[in-house]
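Structural overview for review
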Amino acid sequence: EEKAEEKTEEKAEAKAEEKAAAEEKAPEEVKPKAPEPPKELEEDAPAIKGAKAKDVALNFEDSTLNVMPNPSGKLLQTLSEGGMQYLLAGVRSNTGIKSGRYMFEVKIVENLTPEEKTSERTPQPRQLVRVGFSLAGSSLLLADGVDNVCFDSEGWFIHDKNRKKAGRKFIRGVTAAVLLNLDAASPNKNTVSLFLDGERACPPQPLPEHMCGKTLYPTITYKNVTVDVNLGPVARKPFPFSCHMVGGAAAADVEVTKAAKKAKDGKCEVVFPVGLPEQGFFDWVDDFVEKHPGYVELSDRKIMEWAVKSGAWRPKGTLGGSNDKPDLTKFGVPLLDDGSVRRVLNTIAPSLNRNIVVAELKANLVADERKNVLQKFCTQDFKRKAVVVMGEPSAEYKARVQSLILAEKKAKAEVEAKKKAAEAERKRLLEHKKKMAEEAKKAKEAAQRKKEGKEEEKKDEEAKEEPKAEEPEDAKMEEAAPVELTAEEKALSYRKSTTTDLSEAVLAKSYASFSVPTKEEGFDEITFEWQKEAECSTLLKNWILQKKLTQRAEDLQPGTAFKEAWTKWQKTLQDWRRRQAEWKDPARRKAAAEKKKKEAAAKLAEEKKALIDAGDEEAAKVLEEEAKKDAAPMEIDFDGLDVFAVQDITDLGNGMPLFANYEHEDWTLMITRYELHLLIHSFKKDLN
């Protein structure tokens, strides 16, 4: 027993020693250290030598209509009545950065909370600021398109449809600064960074490749806030390193947008394009605005586009309307659907110092509607101009149309190619899966045969099988044929749209009132872009006449001539029915004959007296003889009567009317024939 106890103690001691030795050999546990903040790679900017940029400011000629600056141009407000509260406002600087490293600052000084009617589709968030850089001529609304990058007040970095969390939100009172680094010698070259109250809020974000090497302009987009913008030259919240602001940039590093030349009298210009439906009106407007960046389009289609870009959502398949008047009532947001945006813009536009293009197709073709809009733009502030775009377009316009058609075809071809590639890949994966399943099945069968001792027999069978010829691979993508215009497409003068320029109902009610503008309406200048005035007038007249042959006349009203003829017809018809009734009633026929006889005798006496008084008794005797002959009973061959030789259809000579034997069907046929006759001629006259 003592020996057994000693052995047990020895074993326990040995285990304890082994454990201690293992603990000595094991490395000491190292507690993880907190990650060190990344080292700031930006260095202090050297002093600028040479000329500096001058007159750096926001370019309010390059802004949306709802940007309301204070006199200094640094404090930005926006319109918020009705549906305007949902529209983003955007403005770009007049100075772009093409090299070097520069920054600018913004600060929310006020949050606005306009009254609204609650809706599930209300764009969120209610207050929003986006700050970043964009290319000249691109959208003024940051996050719209590929030609801009930005940070927003919700903490996102956004480019086109891609966004990622880049930092914390910035709210009222926080100074947000955006740094653009285009310094080729910097480790952070071609990046943008966000700083909040002077501290870095996110790592440098790379610029999209196609924006590198181009001039980038500071841009601000906002809604329902008042924003203070500081372009420099002195920062309000300095960085950990020295950095120049856009307002203090070297002249060699920037590009300044030249202000648009104004007329000598200082007036702005309001342009009324006048063109025909489906004949290139909206493509011409787009081309004009593209060539004249200082002009802003005022139209329902731009309101629609603006609302969608501002975050208003429309269900698919609810576009409706036409190119001229898209349906603005399908957003599901009461204040967007009530037309308040249109009313505010039409009221505010004549008060702004901006060049305006009134791109309303139907309204610009109707003289009364042109006059009504024209009166809103005072002659002391605006030069009022009409541009007629009718007839055969210029070669330059046709080239633009063909380029647009080709671009559409290429886009469709790319989409189709992607679909085919996706389908081919799906089929390849399906075949691969099928092949793998067959191989697994064969392997399982082989294992079973081996187990049963039939492996040699199977090998002999496989040897006897002839190898199958491999089929050519269909998965290889054929090179896509180059997309080109057909001869028919090259002959087109105007681009066809999937949506009509005017709805059928609007066209039917208004086309007859279309006219070419004249100076009597109040225009200071009228230009004819494609063809001369006489040719445009003839073209419009022929177009209207052609429409009258095929178009429904929705608002046609009976004219005066029709009403007079209809009244006269009703009276005549009533008189004829009375005469038929008199003829069929013997008593009334006799009374009518006596009345006729007395009237004839009285007339004869009067005429005889006149002849005798004139001393012509011979003529009086002849007149009396003729009267006796006429008074003699007359036999009428009714069946052989030539109706076209009848002088008086109410009396064939014996008091009998031509329609004496008319039945109900005869009257109905005659009435229908006359009414059709009257309708056809009156329609032609009333339709002009």
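The present account deals with the structure reproduced in this document. The structure presented is a predicted model; accordingly, all values stated were derived computationally and were not measured.

What follows is about the sheet that holds strand E19 (residues 268–275). Hydrogen bonding along the main chain pairs the strands of a sheet, whether they run parallel or antiparallel. As summarised here, the arrangement of the five strands in space is E20-E21-E19-E22-E23, forming an open sheet in which the pairing is parallel. The open sheet has two edge strands with one neighbour each: strand E20 (295–298) and strand E23 (525–528). Pairs of neighbouring strands in the sheet enclose a mean axial angle of 25°, with direction left out of account.

Taken as a whole and assessed by the stated rule, the structure comprises 20 aromatic pairs. With 6.4 Å between their ring centres and 35° between their planes, tyrosine 494 and tryptophan 530 make a pair best called tilted. With tyrosine 494 in the loop between helix H10 (487–490) and helix H11 (504–510) and tryptophan 530 in the loop between E23 and helix H12 (533–550), the pair connects residues that are 36 residues apart, well separated along the chain. For the pair formed by tyrosine 494 and tryptophan 530, the shared burial category is buried. Centroid distance phenylalanine 659 to tryptophan 667: 5.6 Å. Interplanar angle 55°. Geometry classified as tilted. Accessibility assignment for this pair places phenylalanine 659 and tryptophan 667 in one class, buried. Here a set of aromatic residues connected by ring pairs shows up, and it is made of Trp569, Trp576, Phe659, Tyr662, Trp667 and Tyr674. Positioned over the ring face of tryptophan 156 is arginine 163, at 4.2 Å from the centre of the ring. Sitting over the ring of tryptophan 156, lysine 165 keeps its end group 4.8 Å from the ring centre.

Another point: the side chain of glutamate 269. Locating glutamate 269 in the fold gives a position in strand E19. One buried charged residue, glutamate 269, remains without a salt bridge, the closest side chain of opposite sign being lysine 383 at 4.2 Å. Not counting residues up to four positions away in its chain, the partners in contact with glutamate 269 are Tyr295, Arg354, Asn355, Ile356, Phe382, Lys383 and Lys385.

Following the criterion strictly, the structure yields one cavity of 30 Å³ or more and no others. Considering only enclosed or pocket space, the largest cavity measures out at about 60 Å³ in volume. Every residue lining the largest cavity is listed: Ile303, Ala307, Leu328, Phe331, Leu336, Gly339, Val341 and Arg342. For the lining of the largest cavity, the secondary-structure elements that each account for two or more residues are helix H3 (300–309) and helix H5 (340–348). In terms of residue class, the lining of the largest cavity is made up of six nonpolar, one polar and one charged.

This next bit is on the packing of helix H2 (residues 281–291) against helix H8 (residues 395–452). Close contact between H2 and H8 brings their axes to 11 Å; oriented N to C, the two are set at 105°. In terms of axis orientation, H2 runs roughly perpendicular to H8. On H8, the residues that touch Asp283, Trp284, Asp286, Asp287, Glu290 and Lys291 of H2 are Glu396, Tyr397, Arg400 and Leu404. When the residues that make up the contact of H2 with H8 are grouped by side-chain class, the tally is three nonpolar, no polar and seven charged.

All chains considered together, the criterion is met by 30 salt bridges. A salt bridge links glutamate 489 to lysine 409; the nearest nitrogen and oxygen atoms lie 3.1 Å apart. Taken as a pair, glutamate 489 in helix H10 and lysine 409 in helix H8 lie far apart in primary sequence, 80 residues in all. Looking at glutamate 489, the relative accessible area reads 19%, which means it is buried.

So, about the side chain of asparagine 181. Its location among the elements puts asparagine 181 in strand E11 (residues 175–182). Owing to a relative accessible area of 0%, asparagine 181 belongs among the buried residues under this scheme. Looking at asparagine 181, its side chain comes within polar contact range of the main-chain nitrogen of aspartate 183, at 2.9 Å. Those residues in contact with asparagine 181, other than ones at most four positions away along the chain, are Glu42, Gly100, Arg101, Ser186, Asn188, Lys189, Asn190 and Thr191.

Turning our attention to H5. Taken together, the buried positions of H5 are Ser340, Val341, Val344, Leu345 and Ile348. On an axial view of H5, the arc spanned by its buried residues comes to 130°, and they lie on one face. Here the buried face of H5 lies against E20, H3 and helix H4 (334–337).

Across the sheet, which stays open at both edges, the seven strands sit in the order E1-E4-E15-E7-E8-E9-E10 with antiparallel pairing between neighbours. Only two strands of the sheet have a single neighbouring strand rather than two, namely strand E1 (58–63) and strand E10 (162–165). Between one strand and the next, the sheet's axes are offset by a mean angle of 25°, whatever the strand orientation. Looking at chain direction, strand E7 (residues 128–134) and strand E15 (residues 217–223) are connected through seven bridges and run antiparallel. Residue leucine 128 lies in a different strand from E15, and its bridge partner there is lysine 223.

It is worth spelling out the nonpolar core at this point. Judged by nonpolar contacts, the single largest core of 70 residues is most densely connected at Leu345, Ile356 and Phe514. Contact partners of isoleucine 356, with chain neighbours within four places excluded, come to Leu65, Glu269, Val270, Val271, Tyr295, Val296, Leu298, Ala349, Phe377 and Phe382.

This part is about the pairing of E15. Most of E15 sits out of view: seven of its seven residues are buried. Of the two faces of E15, the one lined by Tyr217, Thr219, Thr221 and Lys223 and the one lined by Pro218, Ile220 and Tyr222 are each fully buried. As paired strands, strand E4 (residues 89–93) and E15 are joined by four bridges and run antiparallel to one another. Among the inter-strand pairings, alanine 89 is bridged to a residue of E15, identified as tyrosine 222.

Right, let's talk about the packing of helix H13 (residues 560–584) against helix H16 (residues 664–686) for a bit. Two elements in contact, H13 and H16, have axes whose closest approach is 10 Å; the angle formed by their N-to-C orientations is 165°. One finds that H13 runs roughly antiparallel with respect to H16. Here the hand of the crossing between H13 and H16 comes out right-handed. Contact residues: Ala561, Phe562, Ala565, Trp566, Trp569, Leu573, Trp576, Arg577 and Gln580 in H13; Trp667, Met670, Ile671, Tyr674, Glu675, Leu678, Leu679, Ser682, Lys685 and Asp686 in H16. Along the lines of polarity and charge, the residues of the contact of H13 with H16 split into 13 nonpolar, two polar and four charged.

This part is about the environment of valine 285. Structurally, the position occupied by valine 285 is in helix H2. In sequence terms valine 285 and valine 358 are 73 residues apart; their C-alpha atoms lie 9.4 Å from each other.

What counts, and at which threshold
- Per chain, residue numbering runs from 1 following the sequence as it is written.
- The model is predicted, so local features are restricted to residues of pLDDT at least 70 and side-chain atom pairs to those at 80 or more, both for listing and for counting; the totals for chains, interfaces and linings are taken over all residues.
- To get the side-chain values, take all heavy atoms of the structure and skip hydrogens and water.
- Paired strands are those between which DSSP finds at least two bridges.
- Here a strand is any run of E in DSSP of at least two residues, a helix any run of H or I of at least four, and the numbering for each starts at the N terminus.
- As a rule, the C-alpha atoms of each element are fitted with a line to give its axis, helices using only the stretch in contact, and angles between N-to-C directions run from 0 to 180 degrees.
- Working definition: a ring pair exists when centres of Phe, Tyr or Trp rings (six-membered ring for Trp) sit within 6.5 Å. Plane angles under 30 degrees give stacked, over 60 give edge-to-face, the rest tilted.
- Burial classes follow relative accessibility: with a 1.4 Å probe on protein chains only, a residue under 20% of its type's maximum area counts as buried, one over 50% as exposed, and anything between as partly exposed.
- In this scheme, the term charge over a ring applies when either NZ of a lysine or CZ of an arginine sits within 6 Å of the ring centre and within 35 degrees of the ring normal.
- When charges are counted, Lys and Arg are positive and Asp and Glu negative, with His and the chain ends excluded.
- One speaks of a salt bridge when a side-chain nitrogen belonging to Lys or Arg is within 4 Å of a carboxyl oxygen belonging to Asp or Glu.
- Here, two residues are considered to be in contact whenever any of their heavy atoms come within 4.5 Å of each other.
- In this analysis the probe radius is 1.4 Å and the grid spacing 1 Å, with only protein atoms considered; a cavity is a set of points the probe fits into but cannot get out of, a pocket is an open set with protein on both sides within 12 Å along at least five of seven lines, and lining residues have an atom within 4 Å of a point.
- Grid points are joined across faces, edges and corners, and a volume is the space filled by probe spheres set on the points.
- Residue polarity follows a fixed list, in which Ala, Val, Leu, Ile, Met, Phe, Trp, Tyr, Cys and Pro are nonpolar, Asp, Glu, Lys and Arg are charged, and the others, Gly among them, are polar.
- Should an angle fall under 35 degrees it is taken as roughly parallel, and over 145 as roughly antiparallel, whereas 65 to 115 is taken as roughly perpendicular and any remaining angle as oblique.
- Two N or O atoms count as a polar contact when they lie within 3.5 Å, although within protein this holds only if one can serve as hydrogen donor and the other as acceptor, and sequence-adjacent residues are included solely when both atoms are side-chain atoms.
- Each direction from the helix axis to a C-beta atom contributes to the arc, which is the arc of those directions.
- By nonpolar core is meant a set of buried Ala, Val, Leu, Ile, Met, Phe, Trp, Tyr and Cys residues that side-chain atoms within 4.5 Å join together.
- Each crossing gets its handedness from the near helix: less than a right angle anticlockwise from the far helix is left-handed, clockwise is right-handed.

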